[in-house]
Amino acid sequence: MKDKLILITGASSGIGEACARVFAKNGCRLILNARNQEKLCELKKELEEAYGTDILLIPFDVRNREEATRVVNSLPDDWKAIDVLINNAGLALGTDKEHQGDLDEFCTMIDTNVKGLLTMTRLLVPGMVERGHGHIINIGSVAGDAAYPGGAVYCATKAAVKVLSDGLRMDLYDTPIRVTNLKPGLVETNFSNTRLHGDKAEAKKLYTGIQPLTGADIAEVAYFAASAPAHVQIAEVLVLATHQASPQMVWREK
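Heads up: these notes are all about the structure in this document. (Residues numbered from 1 in each chain as written. Predicted model: local features only at pLDDT ≥ 70, side-chain atom pairs only at ≥ 80, totals over all residues. Heavy atoms only, no water.)

Concerning the pattern of salt bridges
Tallied over the entire structure, the rule returns 13 salt bridges. The partner of R21 in a salt bridge is E46, with the nearest N and O atoms 2.5 Å apart. With a gap of 25 residues between them, R21 in helix α1 (residues 14-25) and E46 in helix α2 (residues 37-51) connect regions that are remote in the sequence. Look at R21 and you get partly exposed, because its relative accessible area is 28%. Among the salt bridges present, the one from R70 reaches E67, with a minimum N-O distance of 2.7 Å. Note that R70 and E67 are positioned in helix α3 (residues 65-73) at a spacing of 3 residues, about one turn of the helix. Accessibility expressed as a relative area gives 24% for E67, which makes it partly exposed. Each of D145, K162, D166, R169, K183 and E236 takes part in salt bridges that share partners, so that together they form one network. (Salt bridge = Lys/Arg side-chain N within 4 Å of Asp/Glu carboxyl O. Helix = DSSP H or I, 4+ residues; strand = E, 2+ residues; numbered from the N terminus. Buried < 20%, exposed > 50% of the residue type's maximum accessible area, 1.4 Å probe, protein only.)

Things to note about helix α8 (residues 215-227)
Because each turn of an α-helix spans 3.6 residues, side chains separated by three or four positions in sequence point in the same direction. For α8, with 13 residues, the first-to-last C-alpha span of 18 Å sits near the 18 Å given by 1.5 Å per residue. Considered for burial, the residues of α8 that qualify are G215, I218, A219, A222, Y223, A225 and A226. Buried residues of α8, seen end-on, are gathered within an arc of 160° and therefore sit on one face of the element. Along its buried surface, α8 packs onto α1, β4 (84-87), β5 (135-139), β6 (178-184) and β7 (236-239). (Expected span 1.5 Å × (residues − 1). Arc of directions from axis to C-beta. Contact = heavy atoms within 4.5 Å.)

Right under this line is the structure:
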């Protein structure tokens, strides 16, 4: 993987940030995307000092198709040949019932988790096909396997990630391009804090009594998939904490 070029969306925190750290540690060049430019700059400085990594920052919101198109189409020539696209940008908002939820929050989840992923895929995969080399890693979720109360729209977006990953793999089966759908379970990041609108106390309760996964755990799986031999396609991986059996079946110590 040394010197491979990796583009990661949502790289300023959580799983995206962890992926940046793992791939940088293993000698990869990075293109990092997120909305928070300040956090991206801090991460860039840290990784460059730690690993001597070459890093290009492209701060924009993946929901903004026009800006994404402008930035991707204007990448410098030596940053165009992307080897791995990690579609990580995504979020959950709220726990309301589907018939009582906030339509703006529904649209934000759909626009980020589904449309943003499609935008980046459409912009970058044709170049991979032309070069005859590439890998798309979509960060899905165990939530994409089955709905649960208070999470229907988020679950629907992650179910869409699964179907889009499967469909893209089919569309690319006559090429060397690989597609992975990586589905984490309970991961302790800023995810729940965002979902619960900044209620850190409630967010913390979700991880009480269980050792959850970390962003680094998921990043290591992403790196494993990306570094597999060219003839090996890790199509789908479900990664759960040991005491989690489904989105809602979680055994907790008393």
